[in-house]
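A structural walkthrough
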Amino acid sequence: MGGSHVYSDYHPRWLRRKLSTYWWLEKRAYVAFILREGSCMFVAWFVVYLLLLVNSVVGGPGSYARFLEWSATPWVLTLNIVSFLFIVYHAITFFVAAPQAMVVHIGHWRVPGVLVLAGHYVAWAAASVFVSWLLLGA
Amino acid sequence: MIKRHPEPLLWMLFSAGGVLSGMLMPILVLLFGVAFPLGWLAAPSYEQILAVIGNPLTRLALFGLCVLSLFHWAHRFRHTLYDGLQIKHLNEVIALLSYGAAVVGSVMAAYLLWQVS
Amino acid sequence: MGSHIRLQVARYRPEQDSEITFDEHEVPCPKDWVVLDGLNHIKDRIDATLSYRWSCRMGICGSCGMTVNGEPKLTCATFLADYAPGPVRVEPLRNFPVIRDLIVDIGDFMQKLVRVKPWIVRQAEKPVAEGEYLQTPEELDEYKQYSMCINCMLCYAACPIYGLDPKFIGPAAIALAQRYNLDRRDEGASDRMAVLSEHDGIWGCTFVGQCTKVCPKHVDPAGAIQRYKLTAAVESMKSFFMPRGA
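Residues numbered from 1 in each chain as written. Chains lettered and ligands numbered in written order. Predicted model: local features only at pLDDT ≥ 70, side-chain atom pairs only at ≥ 80, totals over all residues.

What follows is about the overall build of chain B. Looking only at helices and strands, one finds four helices and zero strands in chain B. Counted from the first residue to the last, chain B has its helices and strands arranged as α-α-α-α. Relative to the compact-globule value of 13 Å for 117 residues, chain B shows a C-alpha radius of gyration of 17 Å, a clear excess of over 25%. Based on the C-alpha atoms only, the size of chain B along its principal axes is roughly 55 × 30 × 20 Å. Contacts in chain B between residues far apart in sequence, at least 24 positions, make up 76% of those at least 6 positions apart. (Helix = DSSP H or I, 4+ residues; strand = E, 2+ residues; numbered from the N terminus. Rg over C-alpha atoms; globule rule 2.2 N^0.38 Å. Contact = placed C-beta atoms within 7 Å.)

Right, dumping it as structure tokens:
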């Protein structure tokens, strides 16, 4: 085998089926994949939201208070609830992928995937606790 | 010879952004997007939030979070348009707009965070 | 559960058809029969013109990959009884051009396979007198999983990226490249990197992960690809900052 497949590339009698534009609706796994990719839109939205928050703090106590009020309006609240769900989905799917993508060695010992995953969850919990403490406690 | 193209760097930014946004965003959305507006928890007072955001380390961390999350979005968005909607002929335009938007967002983040002092 | 099951087999005769059509046949369904047995029954007893590939009928040759009820499967490893009461729809493997009936052209994959140099590359071979290359069990474990690939191409059939863009080098080719990259005896990693770092190399992959899902030998090509992305990215940074080599 080998040699050029130039003729076969354009072989007139072979049937070439094109993938439908809606290929991602055909299987549950593909839908889950597209939802995972789509979660990035909510990541971007939250960056905007964070910057709006920072901007409101720069503007003084009145502007900060107005921002908090605005964040409670129905549309913004709904958007943020949906964003929360998608961002959690993003975090979970990203961490679950980590052991597959990253093989960690400590010396000659290969760290089992489940420990790599656990490490991510522990870091996630620690970061969340720390941020909460910053904003609620201290 | 390995032809130089930016994919490896963009992928690293995407990965870093994915990890950082995964670690930090859930709690932040929960607090600032859901819990505070719904009154489940008391939002920080102005003095408190100014103290937190005013801290240069916080601002650095926030800047890192914003920049990397934006590049995470740009990379995923561009690939999803290419694969999902198969918009192949606009590939370069979409890439430029996506990463361009991430750059613009990063500059704005830098500007806003610099102003908090 | 009946003693028979309906098999819907795709037919495509290039000399007269322009589309796939389906023939329906009732085949016996003993509990130990696989889809391949059903196809052989059709060919032996009902319609000798049905064309398909098969060989070992035990999941090691990789010849009998087809789409069964929408999923890429080895027909020798897929039990008919699991689909009772049926019908069972058998189509050619997705994302490949169909030559005839259930036979697809795999020339594209064969070309890609050669390009990743799936063999031990060494600057200088050890002379035979010096004996064999020794390897510890841990060194074997590093690449053993990727050596299980039987080139059945179910992963290519499951990969939407390959379906959208046949220039993508694809899961099995990358997994096989990794099998050699991670083998301590091999010295060809930089040769392979040139091929894999192309735009249609590893960077086309968006980690859908279906390739790993459908792999009958648990090779985990998706994992191989993501691991290599990190390797290639680090190499790329190194070559950017230290162009004359580290």
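What follows covers the interface of chain C and chain B. With 15 residues of chain C at the contact, the number on the chain B side is eleven residues. At the level of secondary structure, the elements contributing two or more residues to the side of chain C that touches chain B comprise helix H5 (160–164), helix H7 (189–196) and helix H9 (221–241) of chain C. Per-element accounting of the side of chain C that touches chain B gives the leading share, five residues, to H9 of chain C. Class assignment for the residues of the side of chain C that touches chain B results in eight nonpolar, five polar and two charged. (Nonpolar A, V, L, I, M, F, W, Y, C, P; charged D, E, K, R; others polar.)

So, on to the packing of helix H2 (residues 28–58) of chain A against helix H3 (residues 61–71) of chain A. Residues and elements named next belong to chain A. Where H2 meets H3, the axes come as close as 6 Å, and the angle between the chain directions of the two elements is 150°. Residues Leu52, Leu53, Ser56 and Val57 of H2 lie in contact with H3, whose contacting residues are Ser63, Tyr64, Arg66 and Phe67. Among the residues forming the contact of H2 with H3, the class breakdown is five nonpolar, two polar and one charged. (Axes fitted to C-alpha atoms, helices over the stretch in contact; angles between N-to-C directions.)

Right, let's get into the domain arrangement of chain C. All names here are of chain C. Segmenting chain C into domains produces domain 1 (4–104) and domain 2 (107–241). Taken over C-alpha atoms, the centre of domain 1 sits 30 Å from the centre of domain 2. The interface is formed by 13 residues belonging to domain 1 together with twelve residues belonging to domain 2. Those elements giving two or more residues to the side of domain 1 that touches domain 2 turn out to be strand S3 (65–68) and strand S4 (71–74). Of the residues contributing to the side of domain 1 that touches domain 2, the split by class is six nonpolar, five polar and two charged. (Domains from an automatic or database assignment.)

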